[in-house]
Amino acid sequence: MVGGGGREHALCWALRKENPEADIYCAPGNPGTADLAANLPIAADDIDRIADAADMHGIDLTVVGPEMPLARGLGDRLRAEGRAVFGPSAAAAQIEASKAFSKDVMVAAGIPTAASRTFQELAPALAYVDRHPEPLVVKASGLAAGKGAVVCLTRAEAAAAVRAMLDDRVFGDAGAIVVIEAFLEGEEISILAVTDGTDVELLPVSQDHKRLLEGDSGPNTGGMGAYSPVAVATPALLDRARREVLYPALEELRRRRAPFAGVLYAGLMVDRQGTPWVVEFNCRLGDPETQVVLPLVAGGLTAAFWKVARGEGVAPIARRIGEASVTTVLASRGYPDRPEQGAAITMPAFPPPGVTFFHAGTSRGADGVLRVSGGRVLTVTAVAPSFAEAQRLSREASEAVEFEGKIFRRDIGWREAARQGAGAEVQAGAPLAS
Ligand code: AMP
Ligand code: GLY
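Residues numbered from 1 in each chain as written. Chains lettered and ligands numbered in written order. Predicted model: local features only at pLDDT ≥ 70, side-chain atom pairs only at ≥ 80, totals over all residues. Heavy atoms only, no water.

*Asks:* Got a sec to walk through empty space enclosed by the protein? Specific residues and values, please.
*Replies:* One pass over the structure, following the stated rule, counts five cavities of 30 Å³ or more. Each pocket or cavity is described by its volume, and for the largest cavity that value is around 80 Å³. The wall of the largest cavity is formed by Ile95, Glu96, Lys99, Ser102, Lys103, Met106, Lys139, Val179, Glu181, Val279, Glu280 and Phe281. Those elements that place two or more of their residues in the lining of the largest cavity are α5 (90-97), α6 (99-109), β9 (178-182) and β17 (276-282). If one sorts the elements of the lining of the largest cavity by residue count, α6 sits on top with four residues. When grouped by side-chain class, the residues that make up the lining of the largest cavity number five nonpolar, one polar and six charged. In this structure, the second largest cavity spans a volume of roughly 50 Å³. (1 Å grid on protein atoms, 1.4 Å probe; cavity = no way out; pocket = protein on both sides within 12 Å on 5 of 7 lines; lining within 4 Å. Points joined across faces, edges and corners; volume = space filled by probe spheres on them. Helix = DSSP H or I, 4+ residues; strand = E, 2+ residues; numbered from the N terminus. Nonpolar A, V, L, I, M, F, W, Y, C, P; charged D, E, K, R; others polar.)

In structure tokens form, the structure reads like this:
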């Protein structure tokens, strides 16, 4: 397992459940994966050392969690050395690593997506902003840890975002190219498709909450919580998503000699007509989507990863029926810009029934104390027979974890709650916990 966040902890947890006897190594892992796997002190994007470690430990299957090592060619490198890898090539990972490329693929394949233009120069970008209706979305084309999209209500805000990216390089080289696009309205869902490049097997659909604050306000983050299943994702909608989004994207990538094998993540905005507009593609599982979706998998995950890694097609993944899952991200004050680090964490000795704590930005020092070491610190997943129960369990277990500067949203799943007529329970706009 390559990576060290909440997603990778959830992957180790799911793979360990299906493979009690396997030797699992995680690079670099975190204190959560340490209970399930042997952590290796190697950064996720240190391709040479990961290749060496795969050799030394005789790794049969490598599962790559984050986008950065994929975009830098970890999959290609290991495959060139004859190893099975679950994760796409660098060429296919461009679907996430370059929003300019991704938009180009979508337009060529006729996939519904917001009208957009790509710019490297300030003056034409500003002129484009001037000519287009508000709101506008300005995005750094490169990888920016989920923070590179700025939804701008006014042209003035959009112009400022363009300047910040192209002139001030607030996202470094990731913002050397910007994509400016029209604002899409609707309900956002995350589709995670396990694919061999042609066929797809969908994991349960989830809805992430990208904004920092309750009521979906504040800046974009990597994601503050998620729930699954989502009522919006009807069989008819998923059918459209396959036919209008996933199959055309995979076909276009094959045509460009960049076939995609791994998880293709489609972030969709579903409008009132039920049209699935693509907001973004990612080349990997989502975080925190993985933490909410994998606990709903009943079996077949390892087999599906193996088949794709060996180029043998896709395999069915079984899901738990009649259960809902909610995950709440506990972040550190200052996230996403400058999260505070170092606070000691206290957690319940035993999680309540149905609850799993996934570690993200935690570390354990020589003194054995668990401490905050990242922006998103823990993800608290609860699985229960109803959405409302899962939501309550996740929220209560989130309250029970303590560290100085803890922030989290208490309204994860508020749209689903409103649909289910339990809206009164969830107060949008309530202050953050601390
Ligand atoms: P991205 O980095 O492209 O995933 O964008 C991050 C988040 O910004 C998305 O998950 C959406 O919530 C929001 N967003 C991005 N593009 C658009 C758009 N064209 N219209 C509305 N919201 C958007
Ligand atoms: N949660 C959004 C992402 O993983 O990109």
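Next comes the rest of the write-up.
*Asks:* Can you break down the site of ligand 1 residue by residue, with the values?
*Replies:* By nearness alone, 14 residues border ligand 1, and Lys139, Glu181, Leu184, Glu188 and Glu280 come closest of all. Contact distances for ligand 1 include 2.9 Å between a nitrogen atom and a backbone N or O atom of Ala182. Glu188 places a side-chain nitrogen or oxygen 2.4 Å from an oxygen atom of ligand 1. A total of 470 Å² of accessible area belongs to ligand 1 in isolation, and the protein chains cover 94% of it. Elements represented by at least two residues in the shell around ligand 1 include exactly β7 (136-140), β9 and β17. Residues of the shell around ligand 1, tallied by class, amount to seven nonpolar, one polar and six charged. (Near = heavy atom within 4 Å. Polar contact = N/O pair within 3.5 Å; in protein donor to acceptor, adjacent residues only side chain to side chain. Areas by Shrake-Rupley, 256 points an atom, 1.4 Å probe, with all protein chains shown as cover.)

*Asks:* Give a description of the pairing of strand β20 (residues 324-332) that names residues and reports values.
*Replies:* Every regular strand shows the same layout, with side chains that alternate between the two sheet faces. In terms of burial, β20 is largely enclosed, as nine of its nine residues are buried. Side chains Ala324, Val326, Thr328, Leu330 and Ser332 project from β20 onto one buried face, and the interleaved Ser325, Thr327, Val329 and Ala331 project onto a second face that is buried too. One ladder, built from four bridges, connects strand β15 (residues 225-228) with β20; its direction is antiparallel. Residue pairing in the sheet places Ala226 in a bridge with Thr327 of β20. Alignment of β20 against strand β24 (residues 376-384), held across eight bridges, turns out to be antiparallel. Within β24, the residue paired with Ala324 across the bridge is Ala384. Direction of pairing for β20 relative to strand β25 (residues 406-407): antiparallel, over a ladder of two bridges. Within β25, the residue paired with Ala331 across the bridge is Ile407. (Buried < 20%, exposed > 50% of the residue type's maximum accessible area, 1.4 Å probe, protein only. Pairing = 2+ DSSP bridges.)

*Asks:* Lay out the site of ligand 2 with the relevant residues and their values.
*Replies:* Neighbouring ligand 2 are the residues Asp208, Lys210, Gly222, Tyr265, Asn282, Arg284, Gly286, Asp287, Pro288 and Glu289. Here an oxygen atom of ligand 2 and a side-chain polar atom of Arg284 are 2.9 Å apart. With respect to ligand 2, the side chain of Glu289 contributes an N or O atom lying 2.8 Å from a nitrogen atom. Notes on ligand 2: free accessible area 200 Å², of which the protein chains cover 92%. In the shell around ligand 2, the residues fall into two nonpolar, three polar and five charged.

Geometric values such as these leave the question of function open.
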